[in-house]
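Analysis of the macromolecular model
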Amino acid sequence: MRELVADLVRDALADAVRAGDVALAEVPEPRIERPRDPAHGDWATNIALASAKSAGMNPRQLADLLAARVADHPDVAAVEVAGPGFINLRLSASALQRVLTEVRAAGGTFGSLDIGAGERVQVEFVSANPVGPMHVGHGRWAALGDSMARILSHAGYSVQREFYINDQGVQMDVFAKSVAARYLELAGVEGVEFPEEGYRGAYIIEIAREILADEGDGWASAEPAEREHHFKEKAYAQVLEHLKNVLSGMGVEFDVWFSERTLHASGPDGGATPIERAFERLEDAGHLYEHEGALWFRSTTFGDDKDRVLRKADGSYTYFAADIAYHADKYDRGFDRVIDIWGADHHGYVKRMEAAVAALGHEGKITLVIGQLVNLFRGGEVVRMSKRTGEMVTFEDLLDEVGADAARYFFLRRSTDQPLDFDIALAKEQSSENPVYYVQYAHARICAILRKAAGADTADTDVDIAATARDLVRTEAPLYLLDSDPELTLMRKLAEWPEVVEISARQLAPHKLTRYAEDLAQTFHQFYTQCRVVDPDAPDLTAARLYAVDATRIALATVLGLIGVSAPERM
RNA sequence: GCCCUCGUAGCUCAGUGGAUAGAGCGUCUGCCUCCGGAGCAGGAAGUCACAGGUUCGAAUCCUGUCGAGGGCACCA
């Protein structure tokens, strides 16, 4: 739609130049915007304001001239010049009606774009340590990352979802020691000392109990190191499986689960590890130096506050070293762009990561999205959590309580850089206060109309909606009958969808989808109260309105699909 | 102390340098003989934290002040 209007305006200006009405060396690219106030029309352009100076004309005069040239186009219902020289355009009913045909032809691909042009993008998100359950913040990042991936795919990018598993390092050792201590307790060993910094959550005891049940108490008399090594692998596998299940239960599937361990391991040829190879690359480019026995990366070259250690004086690598090797690997795998979603507690890490990516020769090819944290409420009361005792509401608890649809919807409703207050009671409420039901209800209502039109009971559970729509909605429906305000408003709203996809893809802003979903649902509800769809006395109008209603159904389902929320046929 | 993010209606928040700053909730007033009332219509509600600056034009960009949250390891 925007392109159509842009062409119109561009042509008008070019024609005016050719006709000698306007003296302009070159025709600037017009900016086409949606006026904030719908009373100003469907589209507005400031082109007259932008080019008046170089044309040596008064902006209003130029605007009048251009307005006269677009007024006759069949897609334009009205054009007016306003304020200092804005040109406001209103689309004709026939132009809007065409949108319905486009929606029905596109189906689930409605609003898909090619702005990505097949560019390869990787979205890495969640990446929770495999040492325990996910917290609700992970849930938010899961919803964000998955929805971003869906949006980017819809916008024409080639997207891969990845989970980075921190399965090497201190926290894994602590984890293993914690499980071992619980195991010994359960096995009846006296005087077991629980590690100072150990994980105290009840799930550790559960894991220990399962090992005891599976393998007996023989490990109690084993060498501690051997025992811990065995428990680490056993418990790690269990937790990882659990993470996959929870995420999968929310509809989030990763293409790649990337193990940190592979970065520390030699290749099959026994050569350098990925970390060592990354060091070599940085070394060759002159970004490394030794100081006080440690190996440093001169990240200040790329705007970091201070240089960073990669290999400690004791010879071990920092977490950052592995992360550099990891990102080098991402680009080696051919991604044009890498998006990492991190929690707000990692934002101090952003500059050094950007510096590292730049030092590897991929400057600007990483986008670090910082997801703000989630505060849990229940009916307005803060839900307290204690890290010390390990007592917390996990992401899994939340999913069990409010369901995947409500959880995903609420997680996406706020912009990413805004801390989120999540009220469990509200998310569970099935009322008008709850936006996810408002949107889903619009979809269910449409399905009821289709069932009604097919002569079935409106709540009949056996009706196949897609098949019904296919049989019922005539492709040659007289859409020209759709010219009342509620109908035009509905079509206008549908026409906005491709722009919403574009903006949310460019800004990595899934929250714009929830907003649009609510707008579209509202517009539909307004249409519904004012326009009777199924009317045996008016078969042509019924056919046209069924067409519009079905297009709305398709659009709603598409939007909800990118959000990752189901589009129920009845509720 | 330094760095990052944020400050918009009673509450929770949208807002792409553009026109009279919007939505949901809450509040007040109405609407079911009729396709699903989990709905619709209408009203009240604002010093866009504050002060400068850039611009034809600033909630939006820049600087400073105040306030809130987060981060500042040879931890991960």
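Reading the values: the criteria
- Residues numbered from 1 in each chain as written.
- Chains lettered and ligands numbered in written order.
- Predicted model: local features only at pLDDT ≥ 70, side-chain atom pairs only at ≥ 80, totals over all residues.
- Heavy atoms only, no water.
- Helix = DSSP H or I, 4+ residues; strand = E, 2+ residues; numbered from the N terminus.
- Buried < 20%, exposed > 50% of the residue type's maximum accessible area, 1.4 Å probe, protein only.
- Contact = heavy atoms within 4.5 Å.
- Areas by Shrake-Rupley, 256 points an atom, 1.4 Å probe, with all protein chains shown as cover.
- Lys, Arg positive; Asp, Glu negative; His and termini not counted.
- Charge placed at Lys NZ, Arg CZ, Asp CG, Glu CD.
- Domains from an automatic or database assignment.
- Near = heavy atom within 4 Å.
- Polar contact = N/O pair within 3.5 Å; in protein donor to acceptor, adjacent residues only side chain to side chain.
- Nonpolar A, V, L, I, M, F, W, Y, C, P; charged D, E, K, R; others polar.
- Axes fitted to C-alpha atoms, helices over the stretch in contact; angles between N-to-C directions.
- Pairing = 2+ DSSP bridges.
- Expected span 1.5 Å × (residues − 1).
- Arc of directions from axis to C-beta.
- Salt bridge = Lys/Arg side-chain N within 4 Å of Asp/Glu carboxyl O.

All right, on to the overall build of chain A then. Scanning chain A from N- to C-terminus turns up 20 helices and 15 strands. Along the longest, intermediate and shortest principal axes, the C-alpha atoms of chain A span 90 × 65 × 45 Å. Here chain A, with 571 residues, has 50% of them falling under the buried criterion. Residue pairs in contact within chain A that sit at least 24 positions apart in sequence constitute 70% of those at least 6 positions apart. Accessible surface for chain A amounts to roughly 25900 Å². Of this, 47% is attributable to carbon and sulfur atoms. Looking at chain A, you have 60 positive and 90 negative side-chain charges, and the mean spots of the two groups are 3 Å apart.

Structurally, chain A comprises domain 1 (2-91), domain 2 (120-165 + 254-370), domain 3 (170-249) and domain 4 (435-563). Measuring from the centre of the C-alpha atoms in domain 1 to the corresponding centre in domain 3 gives 70 Å.

Once that is clear, we can look at the protein's contact with RNA strand B. What surrounds RNA strand B is a group of 62 residues, the closest being Arg36, Tyr438, Tyr441, Arg445 and Thr458. Considering RNA strand B, the proportion of its atoms within 4 Å of the protein that are sugar or phosphate atoms stands at 66%. Contact distances for RNA strand B include 2.7 Å between a sugar or linking oxygen and a side-chain N or O atom of Gln171. Lys312 is positioned with one of its side-chain polar atoms (N or O) 2.8 Å from a phosphate oxygen of RNA strand B. Put simply, the parts of the chain that give the surface near RNA strand B at least two residues each are strand 4 (86-91), strand 9 (294-297), helix 16 (435-453) and helix 19 (511-530). Among the elements that make up the surface near RNA strand B, the one with the highest residue count is helix 16 (nine residues). Grouping the amino acids of the surface near RNA strand B by side-chain chemistry returns 23 nonpolar, 20 polar and 19 charged.

Turning our eyes to something else, we now look at the packing of helix 13 (residues 395-402) against helix 14 (residues 404-412). Running from N to C, helix 13 and helix 14 point in directions that differ by 115 degrees, and their axes come no closer than 7 Å. Across the interface between the two elements, Phe395, Leu398, Leu399 and Val402 from helix 13 touch Ala404, Ala406, Ala407 and Phe411 from helix 14. Among the residues making up the contact of helix 13 with helix 14, the classes are represented as eight nonpolar, no polar and no charged.

Across the sheet, which stays open at both edges, the five strands sit in the order 7-6-5-11-12 with parallel pairing between neighbours. Either end of the sheet is taken by a strand with one partner, and the two such strands are strand 7 (256-259) and strand 12 (366-371). Along the sheet, successive strands turn relative to each other by an average axial angle of 25 degrees, direction set aside. Together, strand 11 (337-343) and strand 12 form the strand contacts of helix 12 (residues 350-359), whose direction differs from that of strand 12 by roughly 165 degrees.

With 14 residues, helix 7 (residues 202-215) extends 20 Å from end C-alpha to end C-alpha; this agrees with the ideal 20 Å at 1.5 Å per step. All of the buried residues in helix 7 are Ile204, Ile207, Ala208 and Ile211. Summarising the axial view, the buried residues of helix 7 lie within an arc of 95 degrees, below the 170-degree limit, and thus occupy one face. In helix 7, the exposed residues that point more than 90 degrees away from the buried face are Ala202 and Ala213. Considering only its buried residues, helix 7 is in contact with helix 6 (170-186) and helix 8 (224-249). Downstream of helix 7 by a residue or two, Gly216 has a phi angle that is positive, lying close to 75 degrees.

Attention now goes to the side chain of Glu124. Note that Glu124 resides in strand 5 (residues 120-124). We classify Glu124 as buried; its relative accessible area is 5%. For Glu124, the side chain forms a polar contact with the side chain of Ser127, separated by 2.7 Å. Filtering out sequence-adjacent residues up to four positions away, Glu124 remains in contact with Glu162, Tyr164, Tyr326, His327, Lys330, Ile339, Asp340 and Ile341.

If charged atoms from side chains of opposite charge come close, those side chains can pair. The tally for this structure, following the rule as stated, stands at 35 salt bridges. With a shortest N-O distance of 2.3 Å, Arg492 and Asp42 are connected by a salt bridge. Residue Arg492 is located in helix 18 (residues 485-507), and its partner Asp42 is located in the loop between strand 1 (32-33) and strand 2 (43-45); the two are separated by 450 residues in the primary sequence. Each member of the pair, Arg492 as well as Asp42, is classed as buried. Between Asp540 and Arg474 there is a salt bridge whose closest N-O contact spans 4.0 Å. With a gap of 66 residues between them, Asp540 in helix 20 (residues 539-563) and Arg474 in the loop between helix 17 (465-472) and helix 18 connect regions that are remote in the sequence.

Two strands pair when backbone bridges link them, and strand 2 and strand 4 are joined in this way by three bridges, in the antiparallel orientation. For Ala44, the partnering residue across the bridge sits in strand 4 and is Asn88. Joining the antiparallel neighbours strand 3 (residues 76-82) and strand 4 is a turn of three residues, in which Gly83 adopts a positive phi near 55 degrees.

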